[in-house]
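Residue-level listing of the chains:
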Amino acid sequence: MSKKLVAGNWKLNGSLGANERLLSALAALPGVEMAVCVPYPYLAQAKSALQGIALGAQDVSEYASGAFTGEVSAAMLVEFGCRYVIVGHSERRALFAESDAVVGRKALAAQASGLVPIVCVGETLAEREAGQVMDVVGRQLAAVLEVAGADAMARMVVAYEPVWAIGTGLSATAAQVGEVHGGLRSWLRTHDVDADGVRILYGGSVKPDNAAELFAVNDVDGGLIGGASLVAEDFMAICRSA
Ligand code: PEP
């Protein structure tokens, strides 16, 4: 496996001034690949401020062009210097009604344009309590596999983000993370995806004080960081733990 990948998800946060302060305090580190996924209007600002840190977006259209008001295509993100794009974040699934099939088509559109999709999967608390974790994440992955195929999927990043751990301060335990990440890699293998090279990130209330423990878990190839990516010293500390 290559270096761990730690990607910040700024969500709907930022301003030109606040971004300038945050971006100027980020510095590439040896031994870890870092990325920040910023709101669309700030892609150019982030691109010119970052050195050795990859740029990403938080969503992408499934369409290439046309009468789709408000959409942003994968080719546009490439023009603005993006390497990564998050697809299927649970906030988009829950708040913007993105179905598994839409997420699959977005992942394919992203990859076809040369981006690396970070495909988010994860269960709600009710689904965990009902013992359905692998059913849920398997169904979410299957929708991507069906659209994109096994070869394409082997070049994607998967992020396991239990919905109940996102923005709640309640991270999954190392044991829970290890179980699901191992399950995800097995799922990929049994579906003929060359799973050894697929980075599987963990996301959900990763902070400087739990990052090292989570990153040390088997099959954890990095992290997707929400709230803590908005605080430069926290994001840098998390990246140093990777
Ligand atoms: C996220 O939104 O992708 C996330 C992991 O958020 P947080 O780190 O704030 O839980």
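Reading the values: rules and limits
Residues numbered from 1 in each chain as written. Predicted model: local features only at pLDDT ≥ 70, side-chain atom pairs only at ≥ 80, totals over all residues. UniProt positions renumbered as here; feature names shortened; annotations may be inferred. Helix = DSSP H or I, 4+ residues; strand = E, 2+ residues; numbered from the N terminus. Buried ≥ 20, exposed ≤ 12 C-beta atoms within 10 Å, placed from the backbone. Contact = placed C-beta atoms within 7 Å.

Under an unreviewed UniProt entry, the name given to the protein is Triosephosphate isomerase, and the organism recorded is Parazoarcus communis. For the record of the protein, the UniProt heading Sequence similarities (unreviewed entry) holds the text "Belongs to the triosephosphate isomerase family." Looking at the protein in UniProt, the text filed under Catalytic activity (unreviewed entry) is "D-glyceraldehyde 3-phosphate = dihydroxyacetone phosphate".

K.L.:
Give a description of unusual backbone geometry that names residues and reports values.
P.N.:
Not every positive phi belongs to a glycine, and aspartate 192 is a case in point at roughly 65°. One can find aspartate 192 in the loop between α9 (174-190) and β7 (200-203). With phi around 70°, aspartate 219 is a residue other than glycine that occupies positive phi space. Tracing the backbone through its elements, the reader meets aspartate 219 in the loop between α10 (208-215) and β8 (222-225). Using a count of 21 C-beta atoms within 10 Å as the deciding quantity, one classes aspartate 219 as buried.

K.L.:
For the UniProt feature "binding site: substrate" (unreviewed entry) in the protein, give the residues involved together with the corresponding values.
P.N.:
Under the feature "binding site: substrate" (unreviewed entry), the UniProt entry names Asn9, Trp10, Lys11, Gly167, Ser205, Gly226 and Gly227. Maximum C-alpha separation among the annotated residues is 14.0 Å over a sequence range of 219 residues, consistent with a single clustered spot. Along the polypeptide, serine 205 turns up in the loop between β7 and α10. A count of 21 C-beta atoms within 10 Å places serine 205 in the buried class. Other than its neighbours up to four places away in sequence, serine 205 contacts Ala165, Thr168, Gly169, Leu170 and Ser171. In this fold, glycine 226 is placed in the loop between β8 and α11 (232-241). Taking the number of C-beta atoms within 10 Å as the measure of exposure, glycine 226 has 22 and is therefore buried. If we ignore the near neighbours within four places in the chain, the residues touching glycine 226 are Asn9, Lys11, Ile166, Gly167 and Gly203.

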